[in-house]
Amino acid sequence: MATCEVCGNDYDKSFEVVAAGSRHVFDSFECAIQAMAPICEHCGCRIIGHGTEVEGHFYCCAHCAQHAEGGEVVQDRV
Ligand SMILES: [Zn+2]
Ligand SMILES: [Zn+2]
């Protein structure tokens, strides 16, 4: 049993996520996403899939990256 570090819920089915060497405990994917998912710099949504990174900026999809980077052709990472 562990306490979710986002909402503080004490839940017997909580799980751990190790990212960049540090351990995080969450009770749900919703909390994990809230704590860990980067935010698209174009539309502001949470990036839950692979996302697209352009020169250190994160976008949810190639479409957003293209808009933000001034129409440059950016491809989704497979
Ligand atoms: Zn939680
Ligand atoms: Zn977006």
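Above this note sits the structure.
Quick caveat: nothing in here was measured; it's all calculated off a predicted structure.

What about the coordination of the zinc ion (ligand 1)?
Point 1. Summarising the metal site, the zinc ion (ligand 1) is bound by the protein donors Cys-4 (SG), Cys-7 (SG), Asp-27 (OD) and Cys-31 (SG), whose distances to it range over 2.1 to 2.3 Å.
Point 2. For the zinc ion (ligand 1), the 4 donor atoms are set out with angles of 94 to 120° between them, so the coordination reads as tetrahedral.
Point 3. Linear spacing of the donor residues for the zinc ion (ligand 1) on their chain is C-x2-C-x19-D-x3-C. You can see Cys-4 sitting in the loop between strand 1 (2-3) and strand 2 (10-11) and its partner Asp-27 sitting in the loop between strand 4 (22-26) and helix 1 (29-36), a full 23 residues away along the chain.

Some words on unusual backbone geometry
Point 1. In the Ramachandran plot, Ala-20 falls in the positive-phi region, its phi being about 50° despite a non-glycine side chain.
Point 2. For Ala-20, the position within the fold is in the loop between strand 3 (15-19) and strand 4.
Point 3. The phi dihedral of Glu-55 is positive, around 45°, even though this residue is not glycine.
Point 4. For Glu-55, a relative accessible area of 69% corresponds to the exposed category.

Observations concerning the coordination of the zinc ion (ligand 2)
Point 1. The coordination sphere of the zinc ion (ligand 2), as far as protein atoms go, consists of Cys-40 (SG), Cys-43 (SG), Cys-60 (SG) and Cys-64 (SG), spread over 2.3 Å.
Point 2. Around the zinc ion (ligand 2), the 4 donor atoms sit at angles spanning 105 to 115°, and that spread fits a shape best called tetrahedral.

Remarks on the pairing of strand 4
Point 1. Taken together, the 5 bridges between strand 3 and strand 4 define a ladder with antiparallel strand orientation. Across the sheet, residue Phe-15 finds its bridge partner in strand 4, namely Phe-26.
Point 2. Between strand 3 and strand 4, which follow one another and run antiparallel, lie 2 residues, and Ala-20 among them has a positive phi close to 50°.

Regarding the side chain of Asp-27
Point 1. One buried charge, Asp-27, has no salt-bridge partner; the nearest side chain with opposite charge is Lys-13, at 12 Å.
Point 2. A distance of 2.8 Å separates the side chain of Asp-27 from the side chain of Asn-9, its partner in a polar contact.
Point 3. A distance of 3.4 Å separates the side chain of Asp-27 from the side chain of Ser-28, its partner in a polar contact.
Point 4. Beyond its immediate stretch of four places on either side in the chain, Asp-27 contacts Cys-4, Cys-7, Asn-9, Tyr-11, Ser-14 and Phe-15.

What counts as what
Residues numbered from 1 in each chain as written. Chains lettered and ligands numbered in written order. Predicted model: local features only at pLDDT ≥ 70, side-chain atom pairs only at ≥ 80, totals over all residues. Heavy atoms only, no water. Donors = N, O, S within 2.8 Å, 3.2 Å for Na, K, Ca; no water. Tetrahedral: all angles 85-135°; square planar, octahedral: opposite > 155°, others 65-115°. Helix = DSSP H or I, 4+ residues; strand = E, 2+ residues; numbered from the N terminus. Buried < 20%, exposed > 50% of the residue type's maximum accessible area, 1.4 Å probe, protein only. Pairing = 2+ DSSP bridges. Lys, Arg positive; Asp, Glu negative; His and termini not counted. Salt bridge = Lys/Arg side-chain N within 4 Å of Asp/Glu carboxyl O. Polar contact = N/O pair within 3.5 Å; in protein donor to acceptor, adjacent residues only side chain to side chain. Contact = heavy atoms within 4.5 Å.

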